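Coordinate analysis (summary)
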Amino acid sequence: MSTETPSASLLSIRDLCVEFDTDEGTVRAVDGISLEISAGRTLGIVGESGCGKSVTALSIMRLLPKPMGRIASGEIKFDGTDLIKLPAEDMRTVRGNRIGMIFQEPMTALNPVKKIGVQLSEVFFLHQTASKEEAWKKSVEMLDKVGIPSPEIRAGEYPHQLSGGMRQRVVIAIALACGPELVIADEPTTALDVTIQAQILDLMKSLQRDLGMAVALITHDLGVIAETCDEVCVMYAGRVVERAPVKTLFANPRHAYTQGLLASIPRLDGQPKTHLRTIDGMVPALKELRPGCRFGPRSGREHTETQLEARPEFIEIETGHWIEACPVCTE
Amino acid sequence: MSEKATPILETTGLKLHFPVRGGIFQRATNSCKAVDGVDLLINSGETLGLVGESGCGKSTLGKTIARLYKPTAGNIRFEGQEIGDLKRKELQPFRREIQMIFQDPYESLNPRQTVGGILEEPYVIHKLGTREERRKWVKELLEKVGLPESSINRFPFEFSGGQRQRIGIARALALKPKLIICDEAVSALDVSIQSQILNLLLDLQKELGLTYLFISHDLAVVKHVSDRIAIMYLGRIVETGDAETIYQKPAHPYTQALLTAIPVPDPEHIPSKQILEGDVPSPIHPPDGCPFHTRCPHVEERCRIEEPVLENAGKKEHLKSCHLNF
Ligand SMILES: Nc1ncnc2c1ncn2[C@@H]1O[C@H](COP(=O)(O)OP(=O)(O)O)[C@@H](O)[C@H]1O
Ligand SMILES: Nc1ncnc2c1ncn2[C@@H]1O[C@H](COP(=O)(O)OP(=O)(O)O)[C@@H](O)[C@H]1O
Ligand SMILES: [Mg+2]
Ligand SMILES: [Mg+2]
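Along each chain, residues carry numbers from 1 onward, in the same order as the chain's sequence is written. Chain A is the first chain written and ligand 1 is the first ligand written, with later ones labelled in order. pLDDT decides what is reported in this predicted model: residues at 70 or higher carry local features, side-chain atom pairs at 80 or more are listed and counted, and totals for whole chains, interfaces and linings draw on all residues regardless. To get the side-chain values, all heavy atoms of the structure are used, and hydrogens and water are removed first.

1. Regarding the sheet that holds strand E1 (residues 7–22) of chain B
All names here are of chain B. Here is the rule we go by: If DSSP finds at least two bridges between two strands, the strands pair. Going along the chain from the N terminus, every DSSP run of H or I of four or more residues is numbered as a helix, and every run of E of two or more is numbered as a strand. Residue contacts follow a heavy-atom distance rule, with two residues in contact if any of their heavy atoms lie within 4.5 Å. The convention used is that axes are lines fitted to C-alpha atoms, helices contributing only their stretch in contact, and that angles between N-to-C directions extend from 0 to 180 degrees.
Read across the open sheet, the 4 strands follow the order E2-E1-E4-E5; overall the sheet is antiparallel. With one partner strand each, in any of the chains shown, strand E2 (27–43) and strand E5 (81–82) form the two edges of the open sheet. Across 2 bridges, the pairing between strand E4 (residues 73–78) and E5 is antiparallel. Across the sheet, Arg77 pairs through a bridge with Glu82, a residue of E5. Of the strands in this sheet, E1, E2 and E4 touch helix H1 (residues 58–65), which is tilted by about 120° from E1.

Structural data, given as structure tokens:
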């Protein structure tokens, strides 16, 4: 991926808060996060399960489950327009033409009873007003582009006739069909084997080179982050605790949570059969969250009551390197 | 590993084929050759890592070794005794010696039973101890796996994924087994929790002298826990050797490709990936010759016709099944 300095941001999220109504009252799954993605670049979003990565992705797409989920405050500026304020009709156009989405489980994104070619054609149909024949031809081309062998034949098949890796290629084809400026990929390779993951990541990289789209890549795999991203956002309990260019994040992680995540991965060059570093405990339930430093109770470092009660500032410590500045977790 | 390794388990030519039914009468028209001639050796006290893409037969091999399945062909010797052909009743004593831990213990834990009840059950089935003794043993098990004693009266759904895996481990330990088959035991967990469970498994191995067959698709995890490693492809072992050799000098092209596919958590590392084309062929219609030849970047004519056997790859106890040399 390119190494130039990032230009103006394509997507800019400011103080986004997302809430859900549950049986036990209203909970806040995303609590005032800010992040940016520049045109053509890849932002990785990483963190343990339940930290708010998918909810963030769904918020950008305005696909939060209704009526229990809603964006409570903040802004999501895409190419200058606040998506939150966009009428539903206009948002649908953005979703189809300018922002594409790839989910972890390809089957959830595909209609099991429709031929692959038909599903792809619909994208061209809906968003680019092509004729039926043209749309089908474009679909076959797209399948070819994502590396599906015999695309003319595959276009006439149903999703279940393909392997997991091939299905994910179809989902990528659908997400990219409209030539989006931004693709949001939520754990796109988590369900796949490493060999197939390597194929898919390679495919995404080469498509990105050709088409120049920006990518938001959500994953819990720090290896995938290191190999594919330009910038990284580390999320914990609904907040971004650290954000930095990828090399900075791995070489000089400043937040105790980032450090803990990096230290707990087994490494090929590590000492085998020895204890790995762990992070004690687990991600707290949303209803138990306190306003202050959320990682405090798991950090193994002594926090004062005030530090757990008052929200730390999110500050830029050097160009492009942001941290949630709890003095104990970032000392 | 100690100098003189003694085998605890050995399989030769082990096969497990599932019937595939079709037609109006649902007759077995074909078979899925999930395990298709596996020679495997596990030494006492070691961890043997078993790696391969999904569908290559790892779980089926694990379950066959635990004798949850009856082998279609071949032998399984546990501490020198053949267990492959034993009947249900005759298997009873071996059931205590070989235990399994699964990816999500939730599916194998009865949701209506308390943790105390779940952990006591193996003793009840095997008619061991009085009520008081069993209660005492359950408390000891909980302590061993790092769960509070108060867990006894709680139900599985009240626990997180990592804690449920601890319950699964405690249950596997109840009858003091010698061999534990860990089937993707940490695969569903976040790295932070995964490392907690891996540490626990290492501690238990040291304390109790356990032998592990550690099945996983995550090569970094396998490298971390294993003394030796076996690589599986389409129902067969294609390479085996000590962990260091497999990672430093992989001899089989499949192993080489697998290793380069692992994403390295270091942005300064420049990946040189050997990206494999296509998918694993179906085990219902495996290819002729070498099972890997359809995806092998080095394929030659001979590979399409002649099936290679596991043979010496140079170093001691390093075996590969490939016609070519690299
Ligand atoms: N529909 C929903 N109703 C209530 N809570 C939800 C809903 N969807 C997600 N959440 C909660 O929001 C939090 C963040 O979830 P998610 O974004 O899916 O996490 P991640 O993708 O990082 O694993 C979790 O605590 C989850 O339980
Ligand atoms: N109970 C079963 N009945 C029929 N086929 C099965 C059964 N279990 C597994 N298989 C098939 O056997 C092959 C190997 O599966 P499995 O042992 O689960 O692989 P792995 O654990 O390596 O992913 C697969 O093709 C799978 O579909
Ligand atoms: Mg998610
Ligand atoms: Mg399996």
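2. A look at the interface of chain B and chain A
The test is simple: Using a 1.4 Å probe, buried area is obtained as the accessible area two parts lose upon being combined, added over both of them. Think of a salt bridge as a Lys or Arg side-chain nitrogen and an Asp or Glu carboxyl oxygen that are within 4 Å of each other. Under this definition, polar contacts are N or O atom pairs within 3.5 Å; protein pairs additionally need one hydrogen-donor-capable and one acceptor-capable atom, and for neighbouring residues in sequence, both atoms have to be side-chain atoms.
Between chain B and chain A, the contact holds 44 residues from the first and 42 residues from the second. Of the roughly 3,700 Å² buried at the junction of chain B and chain A (both faces included), carbon and sulfur atoms supply 59%. When the buried surface of chain B facing chain A is broken down by residue, His224(B), Pro265(B) and Pro267(B) rank first, second and third, together holding 18% of it. The interface formed by chain B and chain A contains 3 salt bridges. Of the charged contacts, one joins Lys273(A) and Asp227(B) as a salt bridge, the two residues approaching to 2.8 Å between their closest N and O atoms. Scanning the region where chain B abuts chain A turns up 20 residue pairs in polar contact (both at pLDDT 80 or more). Put simply, the parts of the chain that give the side of chain B that touches chain A at least two residues each are helix H7 (191–208), helix H8 (219–225) and helix H10 (253–261) of chain B. With 11 residues, the top contributor of residues to the side of chain B that touches chain A is H7(B).

3. What about the domain arrangement of chain A?
All names here are of chain A. Put simply, the test is: These domain boundaries are the output of an automatic or database domain assignment.
Taken domain by domain, chain A consists of domain 1 (9–98 + 178–324) and domain 2 (101–177). Taking only C-alpha atoms into account, the centre of domain 1 sits 28 Å from that of domain 2. Of the residues lining the interface, 26 residues belong to domain 1; the matching set on domain 2 comes to 18 residues. Approximately 1,900 Å² of surface area, both sides summed, lies buried where domain 1 meets domain 2, with 69% of it carried by carbon and sulfur atoms. Summed over the shared surface of domain 1 and domain 2, the result is 0 salt bridges. Run the count over domain 1 and domain 2 and you get 8 residue pairs in polar contact (both at pLDDT 80 or more). Mapped by element, the contributors of at least two residues to the side of domain 1 that touches domain 2 are helix H1 (53–61), helix H2 (88–97), strand E7 (182–186) and helix H8 (194–211). Here the side of domain 1 that touches domain 2 takes 7 residues from H8, the largest share from any one element.

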